[in-house]
Amino acid sequence: MSSFRTGLAVAAMVCATTAAWSETVTTQNGGDTFIAGDVVNENKSMGGDAFVAARTITTSGEVQGDFHASGFDVTVGTNTAEDLYALGFNVTVRGATAQDLTAGGFSVRTESSASTAGNARLFGKTLTIEGPISGALTATGQDVILNAPVEGDAKIFAQSITFGPDAVIAGTFTYGTSDKVTVPERVAPAERVVFEKVEVSDAWKEWEEMSREMPFFPKAASVLFSFVVSLLFFVALGALMLGFMPRRVENMRQSIANAPGKSVLLGVIGLSMLFGMAPISALTIIGLPFVPIILLAIVVFWILGYALGAYSVAMRVWSGLGGDPDDAGNGMRLLVFAAAITVIALLNYIPFVGWVANYTLVLLGLGAITHGIFSYMIGNPGVALDVDMKPIDD
């Protein structure tokens, strides 16, 4: 499973950094093959392990090592010499797997040609199993359709289980449902069938309702809980920043107040640099391990920029109402900051306006952070002097 997580993580990161590319990008390193793009349609033989990530994936041919596929629509017709790992919304497996198969998605199907020499582990809402399995089968989903022979043990946990004409389980069949189902004798005799009563949650039903009614409005309790948690998070973040670096926070607030347009421009530059670092690092190959760190940095700087922008605007408004930011204590600053977060949260319920307000705050805060980073890197050149070592008049 460690290989599964590692492979899908790398593939997902490559996909994320190349989502805007219409062409397919292929690279190799250490015998491994990495393929990414918007639509990937590959028919080739690859030595070593292969990683494919895209919105739509259709593959065939052969892979001498493990095969990892991640995307929205994933169709794997590749014959895999070792393990196959597939993750997506719709996953279809057509090729043979010489060792273990692990697949997950909203809809997962193994066709009759997708034989698995080892164990098969399938997870999803709807599972259709038509490919023969020489090892054990583990399947978890809402609706599971078994229409293939399983030479080892089989464990299926689902809301409903359907058996096709080709379904045969040679080992012990353990299934978990809300109520017992009729298992045909041809599938598994009664002495090899074990029933485990499982109270199926309403998670799948809620998913179906959400998918039919999108966009949907969450319950009031959920909205209130999310708001309280977010407010506490930002207040705690503000307390840390004001407690450990009050002078630096005040300097960045002043830079926003003195030149808001400049801060927005610097915010655009800083955000562009952050997002641009991801695909550039991925293209170097050796920088692939740093892509997750860059994506994490984007999230961190986005949150910090949002908090700083909200704090700066709040203090500016408070100053306009008669308050004095220079004489305010940390308690009053936190109170003003919390009020700003509350007002901004209410703005989110206004279409378009809320998004513009939030994004503007992010750019304002990121602009101040970018200005601070640039000033630290470049340094202060000091006072400009003429040849007579006298200050140059402006």
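Quick note: structure is the one above.
Here's a quick rundown of the structure.

Criteria and cut-off values
Residues numbered from 1 in each chain as written. Predicted model: local features only at pLDDT ≥ 70, side-chain atom pairs only at ≥ 80, totals over all residues. Heavy atoms only, no water. Phe/Tyr/Trp six-rings, centres within 6.5 Å; stacked < 30°, edge-to-face > 60°. Helix = DSSP H or I, 4+ residues; strand = E, 2+ residues; numbered from the N terminus. Buried < 20%, exposed > 50% of the residue type's maximum accessible area, 1.4 Å probe, protein only. Contact = heavy atoms within 4.5 Å. Salt bridge = Lys/Arg side-chain N within 4 Å of Asp/Glu carboxyl O.

**With respect to the packing of aromatic side chains**
Next up, step 1: Inspection of every chain in the model, using the stated rule, returns eight aromatic pairs.
Next up, step 2: The interplanar angle of 85° and the centroid separation of 5.8 Å between the aromatic rings of Phe-163 and Phe-173 together place this pair among those described as edge-to-face. Placement of the pair is Phe-163 in strand S14 (residues 160-163) and Phe-173 in strand S16 (residues 173-177), with a sequence separation of 10 residues.
Next up, step 3: Measuring from centroid to centroid gives 5.2 Å for Tyr-175 and Phe-195, while their planes differ by 45°, and the two rings are tilted. One end of the pair, Tyr-175, is in strand S16; the other, Phe-195, is in strand S17 (residues 193-197), and 20 residues separate them in sequence.
Next up, step 4: Three or more aromatic residues link up through ring pairs in this structure, and these residues are Phe-163, Phe-173, Tyr-175 and Phe-195.

**As for the side chain of Thr-128**
Next up, step 1: For Thr-128, the position within the fold is in strand S9 (residues 120-129).
Next up, step 2: What makes Thr-128 buried here is its relative accessible area of 17%.
Next up, step 3: Excluding residues that lie within four positions of it along the chain, Thr-128 makes contacts with Val-108, Arg-109, Thr-110 and Ile-145.

**Describing the pattern of salt bridges**
Where charged atoms from two side chains of opposite charge approach closely, those side chains can pair.
Next up, step 1: Scanning the entire structure with this criterion turns up seven salt bridges.
Next up, step 2: Ionic pairing is found between Arg-121 and Asp-100, a salt bridge with its closest N-O pair at 3.3 Å. Pair noted here: Arg-121 is in strand S9 and Asp-100 is in the loop between strand S7 (90-93) and strand S8 (101-110), with a separation of 21 residues, a long-range link.
Next up, step 3: A salt bridge links Glu-130 to Arg-109, with the nearest nitrogen and oxygen atoms 3.0 Å apart.

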